[in-house]
Amino acid sequence: QGGILVWFSCIAMNRPVCPSLAIRCVAGLALSTGHAAFGMGLPGPLPPTSREMQMPMLAFGTGDTHCAPDCASAVSQALRLGFRHIDTAYEYGSQKAVAAGIQVSGVPRSEIFITTKIPGPVGPERAAELLRQGLRELNTSYIDLLLMHYPCDTSYPDPRDACNGTDGMAVRLETWRAMEAMTTTGLVRHIGVSNYHVRHLEHLLAPGNNVSAPFVNQVEWHLGWHDEELFNYSKPFGIQVQAYSALGGGGTSTGHNGGIALDDPIVVSIARKHGVSTAQVALRWSLDRGVAIITATTKPSHMQSDLDIYKFSLSAEEVRSLDRLRAAVPSVQIFDDWPDVVMPVVALGTRPRSLDAKGNVSTKVARWFQLGGRHVDTAHSYGSESEVGVALSAAVAGGVAARDELFVTAQIPGPMGKVAAELMESSMLPALNLTYVDLLLMQWPCLDSASPESCSGEDGAADRAATWLALEDLRASGKARSIGVAGFGVAHLDHLLPFVTKVNGSTSLVAVNQVEWHLGWHDEELLAYCQKHRIRLQARSPLGGPGASHGHGHLSSEAVQAAARKYGVTPAQVALRWSLQRGVPVVTSGTDQMHMVEDLSPLFVFSLSPSELDILSNLSTMLEGMTIAI
């Protein structure tokens with residue numbers, strides 16, 4: 001069978017041979033038959049300072065269940081069909097099967113590029129042991145590419161993401177230097193990393209460390225999850241981004257292709273135009289972005305389909321249209337009284353945290369928009385309006401989203417009377433660089449900053465009424481499309497709603513009441529009251545924990561853990577899904593990109609059963625440890 005290869009080359013000075021067209025410039029090789037395409041051969045051992053590498057851009061993966069039940073047979077079949085890059089890892093337990101598959105295939109070892117991985121920052125001695133084991137199990141005298149599988153050690157719940165840039169930096173650096181030394185022995189030809197975020201690379205490549213950049217960073221990358229910040233950061237260093245889970249779905253940490261289904265109308269339309277499958281479109285998109293791919297299948301027909309992605313290419317406009325695909329976050333009409341106001345049910349909160357230095361909020365909001373989030377929540381008391389404004393302006397100017405596609409919630413600090421209108425017009429809107437917000441809330445029912453939600457319904461009722469009139473004036477002038485409250489209990493609403501009814505003839509202008517709501521604290525009386533009066537309850541601190549006033553969110557309870565296992569999601573996603581199915585939109589506070597994606601599309605690809613909803617709704621009064629019947 002023909003060997004179908006596309007090579008990536010990066011040379012000294014960290015510049016690709018064919019700058020941004022490293023794939024297309026060798027398109028002639030893509031359709032070649034026989035093994036003539038391999039004529040340039042593989043490089044011999046190279047000094048660690050060299051940035052020259054030749055690597056087939058399409059690899060056959062052998063991770064976990066992807067290669068079961070007969071991994072050796074799958075590897076052999078893939079090689080016979082034309083694959084020349086095999087990806088394995090110590091953690092996969094497939095190195096021996098890879099060796100057996102290579103032997104059966106009859107393809108010479110010199111024509112095969114083998115990538116394997118050590119588990120993470122294991123230290124020099126353990127790294128050396130794992131290399132020796134890998135060489136034995138793979139029955140080879142050298143490894144073409146050795147990766148450090150994770151930036152974190154296995155003491156972290158998720159070694160792909162849980163640690164920050166500085167956690168474990170010393171042992172990470174020691175391990176990397178040991179890997180550099182391996183390249184001088186001829187046992188390892190190139191080294192790289194996997195699952196590294198920008199923060200990990202920044203600390204690894206700090207000037208004082210005096211280390212070489214990884215040749216490759218193997219990360220999750222597909223239509224629903226592509227870390228553009230990481231991609232752009234990698235270019236100047238000559239780091240090749242390589243995609244695992246290139247079709248999303250199983251094996252992803254973000255879940256189900258990030259919410260972008262392969263039957264998305266845009267993907268289907270492009271596939272029809274080229275006469276190919278939607279999966280081939282998704283894979284070709286990665287290649288045309290300059291991202292190497294790992295595919296995984298045991299079916300020969302799928303292997304051939306993967307190889308056939310070299311028989312077509314996408315236009316620049318098609319690539320851009322696929323770039324723009326984002327996981328759609330459902331929206332909810334606040335209530336019939338607000339026919340033109342449709343609010344995305346997941347918002348990103350910008351409440352300050354101790355780790356939020358200046359500039360972090362704008363970066364976080366920008367990532368949220370890039371990932372498909374369209375609702376952002378801020379407040380004058382948060383001090384985050386200016387940074388939110390920077391991100392909003394950049395999103396609109398950069399074509400990420402039009403202004404009318406974004407939903408901005410702002411909050412004035414409590415019942416402050418007519419001054420609320422002046423604050424909104426002279427300070428809040430200019431800071432946000434907006435002419436209007438989509439939802440404006442009176443943040444607290446009380447003026448007591450120490451406990452702004454603890455006052456009785458009668459306390460400050462006159463100030464609340466005056467502030468509400470100011471909010472209505474702002475709505476009437478077009479500076480707020482809808483208005484509501486935050487932190488109001490039944491007693492506060494009982495005093496406010498008669499006033500609203502007297503002025504307007506109905507309570508319809510109270511659109512939203514944003515309150516603390518999570519598995520450990522949910523005011524069912526308030527929910528019923530708001531539903532009766534057509535007020536949409538919205539959850540802040542939907543996971544409990546930091547920022548929550550009333551207990552934790554029960555994420556470690558067996559009921560939540562059982563549901564997470566059943567649906568293949570995280571406990572946090574179970575908690576958020578519970579709120580959404582109760583009809584309560586949520587304001588999340590994802591601190592990094594992984595958590596933002598977890599807060600988005602995966603929430604809409606599973607549903608809790610009625611019995612599960614009931615059990616979760618009663619966690620506060622039930623014994624911990626009760627399980628959900630599955």
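Residue indices follow the written sequence of each chain, beginning from 1 at its first position. Per-residue local features of the predicted model are confined to residues with pLDDT of at least 70, and side-chain atom pairs are confined, for both listing and counting, to 80 or more; whole-chain, interface and lining totals are unaffected and use all residues. No hydrogens and no water enter the side-chain calculation; it runs on all heavy atoms of the structure.

**As for the overall build of the protein**
And then number 1: When you go through the protein residue by residue, the secondary structure sums to 21 helices and 21 strands.
And then number 2: Looking at the protein residue by residue over its 630 residues, the buried ones come to 58%.
And then number 3: Contacts in the protein between residues at least 24 apart in sequence constitute 76% of all its contacts with a sequence separation of at least 6.
And then number 4: Surface accessibility follows the Shrake-Rupley procedure with a 1.4 Å probe radius. Residue values consider only the protein chains on display as shielding. Element-wise, carbon and sulfur atoms account for 54% of the exposed surface of the protein, whose accessible area totals about 24,500 Å². We count a stretch as a helix when DSSP gives it H or I for four or more residues in a row; a strand needs E for two or more, and each element gets its number in order from the N terminus. Relative accessibility decides the category of a residue: with a 1.4 Å probe and only protein chains considered, values under 20% of the type maximum give buried, values over 50% give exposed, and everything between is partly exposed. In what follows, a contact means two residues having at least one pair of non-hydrogen atoms within 4.5 Å.

**A closer look at unusual backbone geometry**
And then number 1: Non-glycine residue Asn-433 carries a positive phi angle of around 60°.
And then number 2: Tracing the backbone through its elements, the reader meets Asn-433 in the loop between α14 (419–432) and β17 (439–442).
And then number 3: Not every positive phi belongs to a glycine, and Ser-541 is a case in point at roughly 50°.
And then number 4: Structurally, the position occupied by Ser-541 is in the loop between β20 (536–540) and α18 (558–567).
And then number 5: According to the relative accessible area criterion, Ser-541 is buried, its value standing at 12%.

**With respect to the nonpolar core**
And then number 1: Counting 85 residues, the largest nonpolar core has Leu-392, Val-437, Leu-440, Trp-468, Leu-493 and Leu-616 as the members making the most contacts within it.
And then number 2: No other element matches the 7 residues that α14 contributes to this core.
And then number 3: One finds Ala-74, Ile-86, Val-98 and Ile-114 within the second-largest nonpolar core, a separate group that totals 80 residues. What is meant by a nonpolar core is a set of buried Ala, Val, Leu, Ile, Met, Phe, Trp, Tyr and Cys residues, joined one to another through side-chain atoms within 4.5 Å.

**Observations regarding the pairing of β17**
Across a regular strand the side chains alternate sides, sitting on one face of the sheet and then on the other.
And then number 1: Of the two faces of β17, the one carrying Leu-439 and Leu-441 and the one carrying Leu-440 and Met-442 are both buried.
And then number 2: In this fold, strand β16 (residues 407–412) hands off to α14, which returns the chain to β17; that crossover is right-handed.
And then number 3: Pairing between two strands requires that DSSP report at least two bridges joining them. Where β17 lies against strand β18 (residues 483–486), 3 bridges are found, and the strand directions are parallel. Considered in β18, the bridge of Leu-441 is made with Gly-484. Here a crossover is taken to be right-handed if, once the strands point away from the viewer, the path from the first strand over the helix to the second is traced clockwise.

**What about the pattern of salt bridges?**
And then number 1: Salt bridges are defined as contacts in which a side-chain nitrogen from Lys or Arg sits within 4 Å of a carboxyl oxygen from Asp or Glu. Applying the stated criterion to the full structure yields 16 salt bridges.
And then number 2: For Glu-228, the salt bridge is made with Arg-289, and the minimal N-O distance between the two is 2.8 Å. Here Glu-228, found in helix α7 (residues 228–234), pairs with Arg-289, found in the loop between α9 (278–288) and β11 (292–295); they are 61 residues apart in sequence, far enough to count as distant.
And then number 3: For Arg-289, a relative accessible area of 15% translates into the label buried.
And then number 4: Among the ionic pairs, Lys-566 bridges to Glu-612, the shortest N-O distance being 3.0 Å.

**Thoughts on helix α11 (residues 316–323)**
And then number 1: Of the residues making up α11, those classed as buried are Glu-318, Val-319, Ser-321, Leu-322 and Asp-323.
And then number 2: The inward-facing, buried residues of α11 abut α8 (265–274) and α9.

**Things to note about the side chain of Asp-87**
And then number 1: Among the structural elements, Asp-87 can be located in strand β5 (residues 85–87).
And then number 2: Polar contacts, as used here, are pairs of N or O atoms within 3.5 Å; protein pairs need one atom able to donate a hydrogen and one able to accept it. Residues neighboring in sequence count only if both atoms are side-chain atoms. Only 2.7 Å separates the side chain of Asp-87 from the side chain of Lys-117, close enough to count as a polar contact.
And then number 3: With sequence-adjacent residues up to four places away left out, Asp-87 is seen in contact with Phe-60, Gly-61, Thr-62, Tyr-92, Thr-115, Lys-117, Gln-218 and Ile-294.

**A closer look at the confidence of the model for the protein**
And then number 1: When pLDDT is averaged along the protein, the result is 80, and 76% of the positions lie at 70 or above.
And then number 2: You can read pLDDT as the predictor saying how much it trusts each residue, on a scale of 0 to 100. Per-residue pLDDT stays below 50 along residues 250–259; that stretch engages in 35 contacts with residues further than four places along the chain or on separate chains.
And then number 3: Note that residues 623–630 has pLDDT below 50 and, in this model, 14 contacts with residues that lie over four places away or in other chains.

**Focus on the sheet that holds strand β10 (residues 240–244)**
And then number 1: Taken together, 8 strands build a closed barrel; the order of strands is β4-β5-β6-β7-β8-β9-β10-β11 and the barrel is parallel. The average angle at which neighbouring strand axes cross in this sheet is 30°, direction not considered.
And then number 2: The pairing of strand β4 (residues 58–61) with β11 spans 3 bridges and is parallel. From the neighbouring strand, Phe-60 faces β11, where its bridge partner is Thr-295. The axes used here are C-alpha line fits, helices contributing only the stretch in contact, and every angle between their N-to-C directions lies in the interval 0 to 180 degrees.

**Some points on the packing of helix α13 (residues 385–397) against α14**
And then number 1: Relative to each other, α13 and α14 sit at 40°, their axes nearing to 6 Å. Considered as vectors, α13 and α14 are oriented oblique to each other. Across the interface between the two elements, Glu-385, Ser-386, Val-388, Gly-389 and Leu-392 from α13 touch Met-428, Ala-431 and Leu-432 from α14.
And then number 2: In the scheme used here, Gly and all other residues not listed as nonpolar or charged are polar, with Ala, Val, Leu, Ile, Met, Phe, Trp, Tyr, Cys and Pro taken as nonpolar and Asp, Glu, Lys and Arg as charged. Here the contact of α13 with α14 is composed, by residue class, of 5 nonpolar, 2 polar and 1 charged. When an angle is under 35 degrees it counts as roughly parallel; over 145 it counts as roughly antiparallel; between 65 and 115 it counts as roughly perpendicular; any other value is oblique.

**Examining the environment of Ala-379**
And then number 1: Relative to the assigned elements, Ala-379 resides in the loop between β15 (375–377) and α13.
And then number 2: In sequence terms Ala-379 and Thr-409 are 30 residues apart; their C-alpha atoms lie 8.0 Å from each other.
And then number 3: In this view, Ala-379 contacts Ser-384, Glu-385, Gln-411 and Gln-443; residues no more than four positions away in its chain are not counted.

**Examining the packing of aromatic side chains**
And then number 1: Working definition: rings of Phe, Tyr and Trp (its six-membered ring) pair if their centres are within 6.5 Å, and the pair is stacked with planes under 30 degrees apart, edge-to-face with planes over 60 apart, and tilted otherwise. Per the stated rule, a full pass over the model turns up 5 aromatic pairs.
And then number 2: With a centroid separation of 5.6 Å and an interplanar angle of 65°, the aromatic rings of Phe-60 and Phe-83 are classed as edge-to-face. Here Phe-60, found in strand β4, pairs with Phe-83, found in the loop between α2 (71–81) and β5; they are 23 residues apart in sequence, far enough to count as distant. Taken individually, Phe-60 and Phe-83 each receive the classification buried, so the pair is uniform in this respect.
And then number 3: Their ring planes at 35° and their centres at 5.2 Å tell us that Tyr-233 and Phe-237 sit as a pair that is tilted.
And then number 4: Assessed through its relative accessible area of 18%, Tyr-233 is described here as buried.
And then number 5: Any Lys NZ or Arg CZ found within 6 Å of a ring centre and within 35 degrees of that ring's normal is scored as a charge over the ring. Positioned over the ring face of Tyr-142 is Arg-189, at 3.8 Å from the centre of the ring.
And then number 6: Positioned above the aromatic ring of Phe-231, the side-chain terminus of Arg-289 is 4.9 Å from the ring centre.

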